[in-house]
Amino acid sequence: MTGVPASAAGGSSSARRTGPRGTSGAAQEPVGRTNPGSAVERVAAERAATDRGTTDRGTTDRGTTDRGTTGRGSADRGSAERGSTEGGAAGRGGKIAAAAVNQASVWNVANLLTMLRLLLVPAFVALMLGNGGYDPAWRSFAWAAFAIAMITDLFDGHLARTYNLVTDFGKIADPIADKAIMGAALICLSALGDLPWWVTAVILGRELGITVLRFVVIRYGVIPASRGGKLKTLTQGIAVGMYVLALTGPLATLRFWVMAAAVVLTVATGLDYVKQAIVLRRRGIAERRAALKETEA
């Protein structure tokens, strides 16, 4: 019987000991079997990975939320700052606009009438003294200029108070225009010999004195215009207007008595203003002393 070569016999033995992938039969694990330790480790690793992913997502979400909140806060602060800037700009713009309106309000109707009266003063003097000062025609034109000035004096104050057109310019220019046209008429009449100088001195002295008195007591208050003062102004205007016209006969006699009434009202209202100024000053001094005592107490 022929024997099997040792190599063949060894190969068969090796074949029996070697698995399909050339690994040892003892190391070979049957298909479908799993190492319990490895499975537990894989489950733990998967859970850890899942926990880390959840944590990472939570951190990311919190970061996104924080960034969103910060962004919104920045946007709100930016909006607030822009609002403040725009509000400040609007406030400055409003002040500039208000200043422009106040500046433009100088050229209102009331002030234009006052300016017209100021311009009529030299025109009146020129007409009054035209052709020697005794020409009835020139005196008629002078009377027209004087009448326009006196009428506009009534309207400009009424318009300023009714339509809120009172300005600093009007407060200063209006009394100046009144005194200027009246003073020019009185001086011209006295210079021409139509009116005694003492009448001119009494009327102008009273007007200038009361004006100075108003400024002296203005720290204590304002002396209000009285009905007597308004009647005095009206009577003066009528009397001076009648003297400007070249009147004769009964009208010439009438103008004398009208002027006499104007002089009486001028003196009476002047004394009344002096009395009001004294009372106003005493009251103001008493109030200041009382306030000083309260401060010291």
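Residues numbered from 1 in each chain as written. Predicted model: local features only at pLDDT ≥ 70, side-chain atom pairs only at ≥ 80, totals over all residues. Heavy atoms only, no water.

1. Some thoughts on the overall build of the protein
Quick note on the threshold: Here a helix means four or more residues in a row that DSSP labels H or I, a strand means two or more in a row labelled E, and each is numbered from the N terminus. Categorising residues by exposure relies on relative accessible area from a 1.4 Å probe, with only protein chains included: less than 20% of the type maximum marks a residue as buried, more than 50% marks it as exposed, and the intermediate range marks it as partly exposed. Two residues qualify as a contact provided that any one of their heavy atoms is within 4.5 Å of a heavy atom in the partner residue. Here, Shrake-Rupley sampling with a 1.4 Å probe gives the accessible areas, and only protein chains in the shown set may cover a residue.
Check the secondary structure of the protein and you find eight helices and zero strands. Its helices and strands in sequence order give the protein the pattern α-α-α-α-α-α-α-α, from N to C terminus. Looking at the protein as a whole, 26% of its 297 residues are labelled buried. Across the protein, the fraction of contacts at a sequence separation of at least 24, relative to all contacts at a separation of at least 6, is 73%. As displayed, the protein offers around 19,800 Å² of accessible surface, 65% of which is attributable to carbon and sulfur atoms.

2. Regarding the packing of aromatic side chains
Between two aromatic rings, the relevant description is the distance of the centres plus the angle of the planes. Stated formally: Only centres within 6.5 Å qualify two rings of Phe, Tyr or Trp (six-membered ring in Trp) as a pair; their planes then separate them into stacked at under 30 degrees, edge-to-face at over 60, and tilted for everything else. Here, over-ring charges are defined by two tests on the NZ atom of lysine or the CZ atom of arginine: distance to the ring centre within 6 Å, and angle to the ring normal within 35 degrees.
Overall, the coordinates contain two aromatic pairs when judged by the stated rule. Arranged with centres 5.9 Å apart and planes meeting at 45°, the rings of F124 and F146 form a pair that is tilted. Of the two residues, F124 is situated in helix α3 (residues 109-128) and F146 in helix α4 (residues 136-162); the sequence distance between them amounts to 22 residues. A relative accessible area of 2% means that F146 is categorised as buried. Between F256 and W257 the ring centres are 5.3 Å apart and the planes differ by 80°, which places this aromatic pair in the edge-to-face class. A relative accessible area of 45% places F256 in the partly exposed class. The side chain of R255 reaches across the aromatic face of Y243, ending 4.5 Å from its centre.

3. Here's the deal with a positive patch on the surface
Rules: Only residues whose relative accessible area exceeds 30% and that form no salt bridge enter a patch; like-charged residues are grouped when within 9 Å of one another, and nonpolar side chains (Val, Leu, Ile, Met, Phe, Trp, Tyr) when within 5 Å. Note on definitions: salt bridges are taken to be side-chain nitrogens of Lys or Arg within 4 Å of carboxyl oxygens of Asp or Glu. By the counting scheme adopted, Arg and Lys are positive, Glu and Asp are negative, and His together with the chain ends is not counted. The atoms used to mark charge sites are NZ of Lys, CZ of Arg, CG of Asp and CD of Glu.
A cluster of basic side chains, namely R219, R281, R282 and R288, defines a positive patch on the protein surface. Within the secondary structure layout, R219 lies in the loop between α6 (197-216) and α7 (227-244). R219 sits in the exposed class, given a relative accessible area of 59%.

4. Examining the packing of α3 against α4
Between two packed helices, the angle of one axis relative to the other and the distance separating the axes together describe the packing. Short version of the rule: Lines fitted to C-alpha atoms define the axes, with helix axes restricted to the stretch in contact, and inter-axis angles between N-to-C directions lie between 0 and 180 degrees. Roughly parallel refers to an angle under 35 degrees, roughly antiparallel to one over 145, roughly perpendicular to one between 65 and 115, and oblique to any angle outside these ranges. Here a crossing is called left-handed whenever its near helix is offset anticlockwise from the far helix by less than a right angle, and right-handed whenever the offset is clockwise. Side-chain classes are defined by residue name, with Ala, Val, Leu, Ile, Met, Phe, Trp, Tyr, Cys and Pro counting as nonpolar, Asp, Glu, Lys and Arg as charged, and the others, Gly among them, as polar.
Contact pair α3 / α4: the axes reach a minimum separation of 9 Å and the direction vectors enclose 165°. In terms of axis orientation, α3 runs roughly antiparallel to α4. Here α3 runs over α4; the crossing is left-handed. Taken together, the residues that form the contact of α3 with α4 break down as 18 nonpolar, two polar and four charged.

5. A closer look at the pattern of salt bridges
Tallying each qualifying case throughout the model produces eight salt bridges. Measuring nitrogen to oxygen at the nearest pair gives 3.6 Å for the salt bridge that ties R117 to D153. Here D153 lies in helix α4 and R117 lies in helix α3, a separation of 36 residues in the sequence. The exposure class assigned to D153 is buried, which follows from its relative accessible area of 16%. The closest approach of N and O atoms between R139 and D194, which form a salt bridge, is 2.8 Å.

6. Side note on unusual backbone geometry
One non-glycine residue, N131, lies in the positive phi region at around 55°. In this structure, N131 sits in the loop between α3 and α4. In the Ramachandran plot, N164 falls in the positive-phi region, its phi being about 55° despite a non-glycine side chain.

7. What to know about the nonpolar core
Using the following cut-off: Nonpolar core, defined: a set of buried Ala, Val, Leu, Ile, Met, Phe, Trp, Tyr and Cys residues in which side-chain atoms within 4.5 Å join the residues together.
Ranked by size, the top nonpolar core spans 29 residues in total, and within it F124, M128, F146, V240 and M259 carry the most contacts. At seven residues, the largest contribution of residues to this core is made by helix α5 (residues 168-191). If we ignore the near neighbours within four places in the chain, the residues touching M259 are L195, V199, I203, A239, V240 and Y243.

8. A closer look at a nonpolar patch on the surface
A grouping of L118, I172 and I176 is seen on the molecular surface, where their side chains present a nonpolar patch of about 260 Å² in accessible area. As for its position among the elements, I176 is in helix α5. I176 gets classed as partly exposed once you look at its relative accessible area, which sits at 48%.

9. Brief notes about α4
Stated formally: Multiplying one less than the number of residues by 1.5 Å gives the expected span of a helix. Definition of a polar contact: a pair of N or O atoms within 3.5 Å, with one able to donate and the other able to accept a hydrogen when the atoms are protein atoms, and with sequence-neighbouring residues admitted only if both atoms are side-chain atoms.
Here α4 spans 39 Å end to end across 27 residues, near enough to the 39 Å set by a 1.5 Å rise per residue. Along α4, the residues classified as buried are R139, A142, A145, F146, A147, A149, M150, T152, D153, D156, G157 and A160. Its side-chain oxygen at 3.0 Å from the backbone nitrogen of A137, D135 defines the N-terminal cap of α4. N164 sits one or two residues past α4 and shows a positive phi near 55°.

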